[in-house]
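# Inside the fold
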Amino acid sequence: MMQSSRPIKKALISVFHKDGLENLLSELSSAGCEFISTGGTSAFIKSLGYQIKDVNHITGYPEILGGRVKTLHPAIFGGILSRTGNQQDAQELSEHGIEEIDLVVVDLYPFSETLASGASEAEIIEKIDIGGISLIRAAAKNYHRTAIVSDKQQYSEIVNWLRSQDGAITIEQRKKLAYEAFAKSSAYDSSIMNYFAAGQPGCSIRICADEIKPLRYGENPHQKGWYYGDCGKFFTQLNGKEISYNNFLDIDAAFALIKEFDSEKPAFIIIKHNNACGAAIADQKGNAWKKALASDPLSAFGGVIITQTLVDEEIASEIDKIFFEVLIAPEFTSEALDILKKKSNRIILKSRQEKFPDKQIRTCLDGYLVQETDNYKEKAEDFRLVTQNKPEAGSFHDIELALKICKHSKSNAIILVKDGQLIGSGAGLTSRVDALRLALERAKTFGFSANGACMASDAFFPFADCVEIAAASGIKTIVQPGGSIKDKDSIEAADRLGIGMFFTGVRHFRH
């Protein structure tokens, strides 16, 4: 039998974090609640002047094994798990002198925080909670009679309930607390499992996220959308409207691409629909921005801009001239922010150097596809020249830039780069020939000549047709993974047409 509202007369309290506990204790005490506690929590409650029963007086056993065993005893778990209206439960409680516990206030050892701190394995293992997680699960299972408080963030809400309900908590509220408790225990166990999973082949996956951000909508206004995660690890929002679902996708693509660039030379990238529509690297940041915008000023409209360099007043004044959705940089001068913040809707993000997850997960049918993150970075010294024609030494910088952009463009992808600037892009095409033709068309549209340009492909050429089209447009250097059974045809065509071609041996499909 469920009681719709149950007064809190006895509470077990054992918490790692003591902050915020005083107000809860005060309200419980005012309602006539008795306290049971352990170790440090017991000492803390006594220091505030409250009477308390120590767990070891109830169980008849001291804390043992350095505190590893404290509450794991029938005298405690019987009091939590007994069922209201169950005659056998009531009889057994009476026979063994066990008193019912109406409220459990428990948090968990900071496992994730300890792991993130770089602590030793021994320290990490000791932060795997046993008693706490068992208390949480027991109280949550028996929510019809026992209330569970599993996080200090819940204290103020509990205080309000007790104050407005004469020291009682309703069945609806207890069920809500049970849900939050199982969410907490699930996330906690997932963190521990993922720690042990490191290096284990073919291990199970658990996906848990406590940070939930409702979005205005999903990809389209008729779809609901949410962001699960802590985006604050990657950026701080300095200005602008709420970040949308599509903004998040482009921000993710922007971060993934900019991490390919070091800080030796300023680089600017403009992302539109997950692909780079503008990109450039130069000795001066002003030149880098102007060249990135010139790559495709039409597509730049409403795009996401990212750089790995300081945005100062001069750059901000130039960027201010166009409409964009998001601007991301590691630093902004105060003068730059004054300019950029004049339009309140502009999303301005200060980026952080946070490491991306080493695995990527996406939904598929009723499950998930999981793969390692593509962290492979080609370097000029790793390229294999497969033609008799040798590109000029200066073209290596363009080759590297083209490969970086190509790696982060949707397949099939062809990228054209010239003098440190993206001049043409064909991405997300079903035919590699069409991707090349689109890239050349885009270059021509914005006044670029492909003569002397470098061309990168995300995968091999199955035929020599792309080489022939490239040569007809004046392209002098091609870089591609190689690996086709007809590589010889492409190599022979390149030699015949005066093109230098490199194989990287690494494909970068992006579906």
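This brings us to the layout of surface pockets. What the second largest pocket holds in volume is close to 580 Å³. If you go around the second largest pocket, you meet 22 residues; those closest to its centre are Asp262, Ile281, His397, Glu400 and Lys404. Residue contributions to the lining of the second largest pocket peak at seven residues, all from helix 15 (residues 395-407).

This paragraph deals with empty space enclosed by the protein. In total, this model carries one cavity of 30 Å³ or more according to the counting rule given. The space that makes up the largest cavity amounts to roughly 50 Å³. Considering the residues around the largest cavity, the lining is formed by Glu378, Leu403, Cys406, Lys407, Ser457, Asp458, Gln480, Pro481, Thr504, Val506 and His508. Ranked by the residues each element gives to the lining of the largest cavity, the list is headed by helix 15, at three residues. Residues of the lining of the largest cavity, tallied by class, amount to four nonpolar, four polar and three charged.

The next thing to look at is the side chain of Ser42. As for its placement among the helices and strands, Ser42 is situated in helix 2 (residues 39-47). Sequence-distant contacts of Ser42, defined by excluding residues within four places in its chain, comprise Ser37, Ile52 and Asp54.

Take the sheet that holds strand 2 (residues 10-14) next. Across the sheet, which stays open at both edges, the five strands sit in the order 4-3-2-5-6 with parallel pairing between neighbours. Sheet topology places strand 4 (53-54) and strand 6 (147-149) at the edges, where each strand pairs with a single neighbour. Bridge analysis of strand 2 against strand 3 (residues 34-37) gives four bridges, and the strand direction is parallel. Residue pairing in the sheet places Leu12 in a bridge with Ile36 of strand 3. Lying over the sheet, helix 2 contacts strand 2, strand 3 and strand 4, oriented at roughly 145 degrees with respect to strand 3.

For the rest of this paragraph, the subject is the packing of aromatic side chains. This structure, assessed with the given rule, holds 13 aromatic pairs. For the pair Phe111 and Tyr195, a centre-to-centre distance of 5.9 Å together with 80 degrees between the ring planes defines the contact as edge-to-face. One end of the pair, Phe111, is in helix 6 (residues 111-116); the other, Tyr195, is in helix 10 (residues 171-197), with 84 residues separating them in the sequence. Centroid distance Phe268 to Trp289: 5.7 Å. Interplanar angle 65 degrees. Geometry classified as edge-to-face.

With respect to the helices and strands, the residue Asp151 is situated in the loop between strand 6 and helix 9 (155-164). Polar side-chain contacts of Asp151 include one of 2.7 Å to the backbone nitrogen of Gln153. The contact partners of Asp151, leaving out residues within four places of it in the chain, are Val106 and Lys184.

Turning to the pairing of strand 17 (residues 367-372), a few remarks are in order. In the sheet, strand 16 (residues 359-364) pairs with strand 17 via six bridges, with the strands oriented antiparallel. Paired with Gln360 across the two strands is Gln371, which belongs to strand 17.

So, on to a nonpolar patch on the surface. On the surface, a nonpolar cluster with roughly 440 Å² of combined accessible area is contributed by Ile205, Ile207, Ile361, Tyr368 and Val370. Take Ile205: it is sitting in the loop between helix 10 and strand 8 (212-214). Accessibility expressed as a relative area gives 32% for Ile205, which makes it partly exposed.

Another point: the packing of helix 8 (residues 131-141) against helix 10. At a minimum axis distance of 9 Å, the contact between helix 8 and helix 10 shows a crossing angle of 150 degrees. Here helix 8 runs over helix 10; the crossing is left-handed. Contact residues: helix 8 offers Ile133, Ile136, Arg137, Ala140 and Lys141, while helix 10 offers Ala178, Ala181, Phe182, Ser185, Tyr188 and Asp189. Of the residues contributing to the contact of helix 8 with helix 10, the split by class is seven nonpolar, one polar and three charged.

The next point concerns helix 15. Taking 1.5 Å of rise per residue, the 13 residues of helix 15 would be expected to cover 18 Å, and the 18 Å separating its terminal C-alpha atoms lies within 8% of that figure. Buried within helix 15 are the following residues: Ser395, Asp398, Ile399, Leu401, Ala402, Leu403, Ile405, Cys406 and Lys407.

On to the packing of helix 1 (residues 21-30) against helix 9. Two elements in contact, helix 1 and helix 9, have axes separated by 9 Å at closest approach and are oriented at 15 degrees. The pairing of helix 1 with helix 9 is recorded here as roughly parallel in orientation. For helix 1 against helix 9, the interelement crossing comes out left-handed. In this structure, helix 1 contributes Leu21, Asn23, Leu24, Glu27 and Leu28 to the contact, and helix 9 contributes Tyr155, Ile158, Val159, Leu162 and Arg163. Along the lines of polarity and charge, the residues of the contact of helix 1 with helix 9 split into seven nonpolar, one polar and two charged.

Together, Asp210, Glu211, Asp230 and Glu354 line one region of the surface with negative charge. Looking at the element boundaries, Glu354 is found in the loop between strand 15 (347-351) and strand 16.

Rules behind the numbers
Residues numbered from 1 in each chain as written. Predicted model: local features only at pLDDT ≥ 70, side-chain atom pairs only at ≥ 80, totals over all residues. Heavy atoms only, no water. 1 Å grid on protein atoms, 1.4 Å probe; cavity = no way out; pocket = protein on both sides within 12 Å on 5 of 7 lines; lining within 4 Å. Points joined across faces, edges and corners; volume = space filled by probe spheres on them. Helix = DSSP H or I, 4+ residues; strand = E, 2+ residues; numbered from the N terminus. Nonpolar A, V, L, I, M, F, W, Y, C, P; charged D, E, K, R; others polar. Contact = heavy atoms within 4.5 Å. Pairing = 2+ DSSP bridges. Axes fitted to C-alpha atoms, helices over the stretch in contact; angles between N-to-C directions. Phe/Tyr/Trp six-rings, centres within 6.5 Å; stacked < 30°, edge-to-face > 60°. Polar contact = N/O pair within 3.5 Å; in protein donor to acceptor, adjacent residues only side chain to side chain. Patch = residues over 30% accessible without salt bridge, like charges linked within 9 Å, V, L, I, M, F, W, Y side chains within 5 Å. Areas by Shrake-Rupley, 256 points an atom, 1.4 Å probe, with all protein chains shown as cover. Salt bridge = Lys/Arg side-chain N within 4 Å of Asp/Glu carboxyl O. Buried < 20%, exposed > 50% of the residue type's maximum accessible area, 1.4 Å probe, protein only. Left-handed = near helix turned anticlockwise from the far one by under 90°. Expected span 1.5 Å × (residues − 1). Parallel < 35°, antiparallel > 145°, perpendicular 65-115°, else oblique. Lys, Arg positive; Asp, Glu negative; His and termini not counted. Charge placed at Lys NZ, Arg CZ, Asp CG, Glu CD.

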